[in-house]
Amino acid sequence: MHLLHTPEEFIAYRKSLSGTIGLVPTMGALHAGHLSLVNHARTDNTHVITTIFVNPTQFGQGEDFTAYPRTLDADLQQLSDAGVDAVFLPTPDNMYPQGYQTYITVEDITRGLEGAMRPTHFRGVTTIVAKLFNLAQPTIAYFGQKDAQQVCVIRRMVRDLHIPLNIAVIPTAREADGLAMSSRNVYLSAEQRAGAVCLSRGIMQASSLYDAGERNPSALLNAVLDEIQKESLASADYISLNHARTLAPIAVIPSADWGMGEMPTADEPLLLSLTVRFGKTRLLDNAILPHHLNTREGLTNVLGAG
Ligand code: AMP
C-alpha cells in the first residue's frame, strides 16, 4: 500500500495509474462504515485510493478539531487488509500552505440543516473535497448516507463545476442495536451510548408510519421526537423533513426559518434527518422515506439528484 504525504507525491502516483479509480475521502478513526465504502470501491475499480485528513477548515470555532480521534496505525492496518492501493495522509500545512486563499461555496442547500448549525462547515468540506477530486481524478467517489446533506452539497458542486466523475452513496453502517457508526461515538459515556439508540428507533418509527401511509409531516416528526424524549440524556437539535432530491424543506422541529415548505403532492422521496446532543457530543442520523430506497442504488439515485 502506497503512503502519499504531499500533493506532489499524489500527483506523481496518479499519473502512474491506468484503469478506473475509486476514491474514499475520510477523516480517519476508521470503523466498519468507512470500510463499507472501501469495499464498494474495491469491488468496482482497478485502483482504490483512501484519504485520511482531519480537515481544519470544516470545523467551526469551539468544535472538536483538536480532540477529534486520531488512530492512524489501526487505520492503515484496516485499509491494507481491505486491499486499498494508496492512502493520502497530508498535513494541514500541505493542504493549506501559507498564502492559501481559495474556497468553494455551494449556496442554497448549505443554508439549512447542518449548515444552519455549523455555518462554515460546508465551505470547508467542498473546498477539501474539490482539492481531493483534482488530485485523485477518480472515476467514482464514495460517500456515506450518514452525512446526507454533505452528499447533496458535493453533488451540486460536481454538477455546477462540471467535475467529471460519478458519486456512489453507501448506506449507513450501524451497530447491532441500530446506532449509526461514527468516529465520534467514542466520546459517549456508557450511559449516553445506551441512550443513543433513540435516534435510529425514532427513524424506524417514522419510517414504518410513512410506509403504512402516514403523510402528515407533524405526525412523522413527532414519532421521532417521542423516542428522543424517552431518553433523559438526549436533546434534539432538530428533526427535519426535506425533499430528498433538492433538500427543499417541508417541516422541522423546532420550527426554523429554513424549515417551512410543502409536502410533495406525488410520492416524491423524502429525507428524514436529525441531530441529537448527548452532552457535548452531537449525533446525526437519517433515512430516506420510503424505507426501500435506503440501498446504494436507491440512495445514489435519489439523494441530491435534483
Ligand atoms: P468521516 O471520516 O466522518 O469524514 O467520514 C468519511 C466518509 O465515511 C463520509 O462519506 C461519511 O459519510 C462516511 N461514513 C461515516 N460514517 C458512516 C457510516 N456509519 N456508514 C457509512 N458511511 C459512513
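A brief structural summary. Per chain, residue numbering runs from 1 following the sequence as it is written. Whole-chain, interface and lining totals are the exception, using all residues; otherwise, since this is a predicted model, local features are given only for residues with pLDDT of at least 70 and side-chain atom pairs are given and counted only at 80 or more. Excluded from the side-chain calculations are hydrogens and water; all other atoms, namely the structure's heavy atoms, are used.

Observations regarding the pairing of strand 6 (residues 166-170)
With a 1.4 Å probe rolled over the protein chains alone, any residue whose accessible area is under 20% of its type maximum counts as buried; one over 50% counts as exposed, and the rest are partly exposed. Helix and strand labels come from DSSP, where a helix needs a run of H or I of at least four residues and a strand needs a run of E of at least two; each type is numbered from the N terminus. The element strand 6 is extensively covered by neighbouring structure, given that four of its five residues are classed as buried. Read from strand 5 (residues 140-144) through helix 7 (residues 148-160) to strand 6, the crossover connection turns out right-handed. Here a crossover is taken to be right-handed if, once the strands point away from the viewer, the path from the first strand over the helix to the second is traced clockwise.

Some words on the sheet that holds strand 8 (residues 249-253)
In a beta sheet, neighbouring strands are held together by backbone hydrogen bonds and run either parallel or antiparallel to one another. One open sheet accounts for four strands, arranged 8-7-9-10; its pairing is antiparallel. Strands with a single pairing partner mark the edges of an open sheet, and in this sheet they are strand 8 and strand 10 (281-289). When the angles between neighbouring strand axes are averaged without regard to direction, this sheet yields 15°. As judged from the four bridges shared by strand 7 (residues 234-243) and strand 8, these two strands associate in the antiparallel manner. Pairing of Leu241 across the sheet is with Ala251, part of strand 8. In short, DSSP must find at least two bridges between two strands for them to pair. Axis lines are fitted through C-alpha atoms, for helices just across the contact stretch, and the angle between N-to-C directions can take any value from 0 to 180 degrees.

What to know about the site of the ligand
The nearness test applies per residue and asks whether one of its heavy atoms lies within 4 Å of the molecule or strand. Of all residues adjacent to the ligand, which total 17 residues, the nearest are Met27, His34, Asp147, Ala173 and Met181. Throughout this description, a polar contact denotes any pair of N or O atoms lying within 3.5 Å of each other; where both atoms belong to protein, one of them has to be capable of donating a hydrogen while the other can accept it, and for residues adjacent in sequence the pair is counted only when both atoms sit in side chains. His34 is positioned such that a nitrogen or oxygen atom in its side chain is 2.9 Å from an oxygen atom of the ligand. Between a nitrogen atom of the ligand and a main-chain N or O atom of Met181, the distance comes to 2.8 Å. Per-residue accessibility takes into account occlusion by the displayed protein chains alone, with areas from the Shrake-Rupley method and a 1.4 Å probe. Notes on the ligand: free accessible area 490 Å², of which the protein chains cover 92%. Secondary structure elements with two or more residues in the shell around the ligand: strand 2 (21-26), helix 2 (32-44) and strand 5. The element that contributes the greatest number of residues to the shell around the ligand is helix 2, accounting for three residues.

Describing the packing of aromatic side chains
What characterises a pair of aromatic rings is the spacing of the ring centres plus the angle enclosed by the ring planes. Pairing of aromatic rings covers Phe, Tyr and the six-membered ring of Trp, with a centre-to-centre limit of 6.5 Å; geometry is then stacked below 30 degrees between planes, edge-to-face above 60, and tilted otherwise. Applying the stated criterion across every chain, the model contains seven aromatic pairs. The interplanar angle of 70° and the centroid separation of 5.4 Å between the aromatic rings of Phe59 and Phe65 together place this pair among those described as edge-to-face. Note on Phe59: relative accessible area 9%, which makes it buried. Look at Phe65 and you get partly exposed, because its relative accessible area is 25%. An aromatic cluster of three or more residues is present, and its members are Phe53, Tyr96, Tyr100 and Tyr103. In this structure, Arg215 is placed above the aromatic ring of Tyr210, and the distance from its NZ or CZ to the ring centre is 3.6 Å. Whether a charge sits over a ring depends on NZ of Lys or CZ of Arg being within 6 Å of the ring centre and within 35 degrees of the ring normal.

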